[in-house]
Amino acid sequence: HKTPFAVLYIDVNSFKAYNDIYGFVKGDDVIRETAKIILTQSSSAGFIGHIGGDDFIVVTDPEKAEDLCRKIIKAFDAKAPEFYTPEDRLRKYVETKDRRGQVTRFPLLSIAIGVVTTSVRPLTSLGEVSTIGAEMKHFAKENKDKGSSYAIDRRSE
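Report on the accompanying structure. (Residues numbered from 1 in each chain as written. Predicted model: local features only at pLDDT ≥ 70, side-chain atom pairs only at ≥ 80, totals over all residues. Heavy atoms only, no water.)

**Things to note about the nonpolar core**
Working step 1: Of all hydrophobic cores here, the largest spans 32 residues; its most connected members are Leu8, Ile10, Tyr84, Leu109, Ile113 and Val115.
Working step 2: For this core, the secondary structure elements donating two or more residues are strand E1 (6-13), helix H1 (15-22), helix H2 (24-41), strand E3 (55-60), helix H3 (62-79) and strand E6 (110-117).
Working step 3: No other element matches H3, which puts 6 residues into this core.
Working step 4: Those residues within four positions of Ile113 in sequence are excluded, and the remaining contacts are Leu8, Tyr9, Ile10, Cys69, Ile72, Ile73, Met136, Ala140, Ser149, Tyr150 and Ala151. (Core = buried A, V, L, I, M, F, W, Y, C linked by side-chain atoms within 4.5 Å. Buried < 20%, exposed > 50% of the residue type's maximum accessible area, 1.4 Å probe, protein only. Helix = DSSP H or I, 4+ residues; strand = E, 2+ residues; numbered from the N terminus. Contact = heavy atoms within 4.5 Å.)

Written out as structure tokens, the structure reads:
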């Protein structure tokens, strides 16, 4: 229908490390709370979905996308410290093995949001939306040591 849209690809940073340390039950609590935050902040969005694991998607109007990113991040960042012990909160990181088996410091949970929008260029397929969304989410995750962030695709081609 050529209706303008924006898609937010939302991911919880350091979730695997959190799950490894605190266990699946606490990990599920994080997923549920993240879903509640996204639902509450995205009440006027067109579609909200849980892709699986710690990945979510929101489809909304392009004009609302950036403000929505800020609201989700603010709400998540306010809640995230509650998921940790006082010791981990004070230290501001957790230690566990990474995917290669090396003991690594992981920052506390944060959110990365990659945004794809039709406001700068037409999008012709679901595959294109998905590919660009993954690129933007990856870009947003590059700053995970500094906390939550979002990246909006503003490329015209």
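**Focus on the environment of Phe83**
Working step 1: Within the secondary structure, Phe83 is located in the loop between H3 and helix H4 (86-91).
Working step 2: Between the C-alpha atoms of Phe83 and Ser44, which are 39 residues apart in sequence, the distance is 27 Å.
Working step 3: When neighbours within four sequence positions are excluded, Phe83 is seen to be in contact with Tyr18, Tyr22, Asp29, Val30, Glu33 and Leu109.

**Some remarks on the sheet that holds E6**
Working step 1: One open sheet holds the 5 strands; their spatial order is E2-E3-E1-E6-E7, and the pairing between them is mixed. Looking at the sheet topology across the chains shown, the edges are occupied by strand E2 (47-52) and strand E7 (149-152). Direction aside, the axes of adjacent strands within the sheet are offset by 20 degrees on average.
Working step 2: Judged from the 4 bridges that link them, E6 and E7 form a sheet pairing that is parallel. Considered in E7, the bridge of Ile113 is made with Tyr150. (Pairing = 2+ DSSP bridges. Axes fitted to C-alpha atoms, helices over the stretch in contact; angles between N-to-C directions.)

**As for the pairing of E3**
Working step 1: Taking burial as the measure, the 6 residues of E3 include 5 buried ones, the bulk of the element.
Working step 2: Summarising the sheet, E2 and E3 pair through 5 bridges and their orientation is antiparallel. Along E3, the bridge assignment pairs Gly49 with Ile57.
Working step 3: From the end of E2 to the start of E3, which pair antiparallel, there are 2 residues, and Gly53 there has a positive phi angle of about 55 degrees.

**So, the pattern of salt bridges**
Working step 1: Summed over all chains, the structure comprises 16 salt bridges.
Working step 2: For Lys71, the salt bridge goes to Asp67, with nearest N and O atoms at 3.4 Å. Here the residue Lys71 and the residue Asp67 both occupy positions in helix H3, the gap between them amounting to 4 residues, near one helical turn.
Working step 3: The residue Asp153 makes a salt bridge to Arg155 at a minimum N-O spacing of 2.6 Å. (Salt bridge = Lys/Arg side-chain N within 4 Å of Asp/Glu carboxyl O.)

**Thoughts on the packing of H2 against H3**
Working step 1: Between H2 and H3, the least distance of the axes is 9 Å, while the angle of their chain directions is 145 degrees. Handedness of the crossing formed by H2 with H3: right-handed. Contacts between H2 and H3 involve Glu33, Thr34, Ile37, Ile38 and Gln41 from the first element and Leu68, Lys71, Ile72, Ala75, Phe76 and Lys79 from the second.
Working step 2: Residue composition of the contact of H2 with H3, grouped by class: 6 nonpolar, 2 polar and 3 charged. (Left-handed = near helix turned anticlockwise from the far one by under 90°. Nonpolar A, V, L, I, M, F, W, Y, C, P; charged D, E, K, R; others polar.)

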